[in-house]
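Structural overview for review
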Amino acid sequence: MSVGIVHFLFLGGFLFAAGAFAVARQRSYLGAVAGLPLLLAGAGLDLVAVSRFATARSDQLAGQGFAVLLAMLVFAFVAVGAALNRLETPR
Amino acid sequence: MDTLHSGIFYAFAAVTVAGGLLAALAAGRPRALGLALVAAGLAALYADLDAGFAALVTLVALGLSALVLLRAGAGRTATALEPGTLVNQLGASLAGVVFLVLAYIAFRGAYFADYHAGGSFNTAALGRLLVDRDALAVEAVAAALLTGAAAAVLFARVRAR
C-alpha cells in the first residue's frame, strides 16, 4: 500500500492528540510540559508532509522552515518548563 | 512512494506512535525515553520526506528535550499517574475528540496542490502575513501573551506562599 499525505496527516493528528491528552490529564507540572513536544511535533510533521505532497508550485522549504522553528520552540518550552518546575518544587 | 519508502514509513511510524504513547501515559524515566523515541522516529520520517535539515534539527531539539526531562525527573520514582481533577479528565476526553476530528479530516479532506482565488495560500504566504504585513499586531499579541504568562507565574507563586 503506497504511503500518501493521509498517512502523515493521521500520524501528525495522533501526535497532536497525544500531546493534548498529556497536557490536559497529567496533574504534575513536568508531565504537562512533556506533552508540549508531542503537540508541536504533530504540527511539524503535518507541515512538512503538506509542503512535500500538496504544494505544486510553491516553495517546499517553507513548511520545513516552520517545522525547524517549531522544533527549536519545543526545546525552549521544555527548558523553561523544567527550570520553572525546579523553582516551584520545594526542597 | 515505492515499497522501500512504505516500509520505512510504517517502521518509523510505529516507533513514533510507541514513543508518543509512552511520553503521554508514563511518568519519570519512561516518559523521557518515549520522547527520545519520538525524536528518532520523527527524524527518520522527515528524512524520508526529503527534509534532511528539519530531521537533524528535530533530532537534536527533541533529543535535548528528552535529556532535560530525564534530568528534571531523575530524583523522582516512576510512579503511576495521578488521575487529576474532573477538569483534567474532561480535557483528556476532549483530546480524544480532537484526535477523531483530525483523523476524519485526514481521511476525508481534499488537498489541492494549487492556488485559491485569494492568491497563494501556503506557509510562505502565512509567514509573510505574520512577520511582514501584520508584524505590529503579531508583536502586540505576543507581548500580551508574554505579560499574561508572567502574571500567571507571579500569581501562582504568590498564592503558593
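Here, residues in each chain are numbered from 1, in the same order as that chain's written sequence. Each chain takes a letter, starting from A, and each ligand takes a number, starting from 1, following the order in which they are written. For a predicted model such as this one, the threshold for reporting local features is a pLDDT of at least 70, and the threshold for listing and counting side-chain atom pairs is 80 or more; totals across whole chains, interfaces and linings nevertheless cover every residue.

Secondary structure follows DSSP: runs of H or I at least 4 residues long count as helices, runs of E at least 2 residues long count as strands, and numbering of each begins at the N terminus. The number of helices and strands found in chain B is six helices and zero strands. Counted from the first residue to the last, chain B has its helices and strands arranged as α-α-α-α-α-α.

Along its length, chain A carries three helices and zero strands. When the helices and strands of chain A are placed in sequence order, the string is α-α-α. To assign burial, the other C-beta atoms lying within 10 Å of each residue's own C-beta are counted, with C-beta atoms placed from the backbone; 20 or more indicates buried, 12 or fewer indicates exposed, and intermediate counts indicate partly exposed. Buried residues in chain A amount to 56% of all 91 residues. Counting only contacts in chain A whose residues sit at least 6 apart along the sequence, the fraction spanning at least 24 positions is 55%. Contacts are defined on C-beta atoms placed from the backbone: any two residues whose C-beta positions lie within 7 Å are in contact.

On average, chain A scores 81 in pLDDT, and the residues at 70 or more come to 86%. A residue's pLDDT is the predictor's confidence in that residue, given on a scale from 0 to 100. Here helix H3 (residues 61-88) of chain A stands out as the least confident element of chain A, with mean pLDDT 80; helix H1 (residues 5-25) of chain A is the most confident, with 88.

A few words on unusual backbone geometry. The residue Asp-50 of chain B is not glycine, and still its phi comes out positive at about 65 degrees. On the neighbour-count criterion, Asp-50 of chain B (12 C-beta atoms within 10 Å) is exposed.

Let's shift gears to helix H1 (residues 3-25) of chain B. The span expected for a helix works out to 1.5 Å for each residue beyond the first. With 23 residues, H1 of chain B ought to run about 33 Å at 1.5 Å a step, and its terminal C-alpha atoms sit 33 Å apart, in line with that. The set of residues buried in H1 of chain B consists of Phe-9, Phe-12, Ala-13, Thr-16, Gly-19, Gly-20, Ala-23 and Ala-24 of chain B.

Before going further, it helps to spend a moment on the interface of chain A and chain B. Listed per partner, the contact involves 58 residues of chain A and 57 residues of chain B. Those elements that provide at least two residues to the side of chain A that touches chain B are H1, helix H2 (29-53) and H3 of chain A. Tallying contributions element by element places H1 of chain A first for the side of chain A that touches chain B, with 17 residues. Of the residues contributing to the side of chain A that touches chain B, the split by class is 39 nonpolar, 14 polar and five charged. Polarity classes work like this: nonpolar for Ala, Val, Leu, Ile, Met, Phe, Trp, Tyr, Cys and Pro, charged for Asp, Glu, Lys and Arg, and polar for all others, with Gly in that last group.

Quick look at the nonpolar core now. Soluble globular proteins: nonpolar side chains tend toward being buried together. Each nonpolar core comprises buried Ala, Val, Leu, Ile, Met, Phe, Trp, Tyr and Cys residues, the members being joined through C-beta atoms within 7 Å. Leu-35, Leu-62 and Leu-69 of chain B are the most contacted members of the largest nonpolar core, which totals 64 residues. The element contributing the most residues to this core is H1 of chain A, with 13 residues.

A few words now on the environment of Gln-26 of chain A. Mapped onto the elements of the fold, Gln-26 of chain A is located in the loop between H1 and H2. Here the alpha-carbon distance between Gln-26 of chain A and Ala-82 of chain A, two residues 56 residues apart in the chain, equals 15 Å.

What follows is about H2 of chain A. Counting along an α-helix, one turn takes 3.6 residues, and residues three or four places apart therefore face a common direction. A rise of 1.5 Å per residue sets the reference length of H2 of chain A, with its 25 residues, at 36 Å; its end C-alpha atoms lie 37 Å apart and thus fit the reference within 8%. In terms of burial, H2 of chain A is largely enclosed, as 19 of its 25 residues are buried.

A few words on the packing of H1 of chain B against helix H2 (residues 29-48) of chain B. Residue and element names in this part refer to chain B. Interaxial angles span 0 to 180 degrees and are taken between N-to-C directions of axes, which are lines fitted to C-alpha atoms, for helices over the stretch in contact. Direction vectors running N to C along H1 and H2 enclose 155 degrees, while the axes themselves pass 7 Å from each other. Taken together, H1 and H2 sit at an angle that is classed as roughly antiparallel. Judged by the sense of rotation from one axis to the other, the crossing of H1 with H2 is left-handed. Its residues assigned to classes, the contact of H1 with H2 shows 17 nonpolar, six polar and two charged. In these notes the angle categories are as follows: under 35 degrees is roughly parallel, over 145 is roughly antiparallel, 65 to 115 is roughly perpendicular, and the rest is oblique. For any pair of crossing helices, the crossing counts as left-handed if the nearer helix is rotated counterclockwise from the farther one by less than a right angle, and right-handed if it is rotated clockwise.

All names here are of chain B. Axis separation between H2 and helix H3 (residues 52-72) bottoms out at 8 Å; the angle between their running directions is 180 degrees. Classified by the interaxial angle, the pair formed by H2 and H3 is roughly antiparallel. Listed contacts from H3 to Arg-29, Arg-31, Ala-32, Leu-35, Ala-36, Val-38, Ala-39, Leu-42, Ala-43, Tyr-46 and Ala-47 of H2 are Gly-52, Ala-54, Ala-55, Thr-58, Leu-59, Leu-62, Gly-63, Ser-65, Ala-66, Leu-69 and Leu-70. A per-class count over the contact of H2 with H3 returns 16 nonpolar, four polar and two charged.

As a further point, take the environment of Leu-45 of chain B. Tracing the chain through its elements places Leu-45 of chain B in helix H2. Overall, the presence of 26 C-beta atoms within 10 Å leaves Leu-45 of chain B in the buried class. Among all residues touching Leu-45 of chain B, those that are not within four sequence positions of it are Leu-45 of chain A together with Phe-9, Phe-12, Ala-13 and Thr-16 of chain B.

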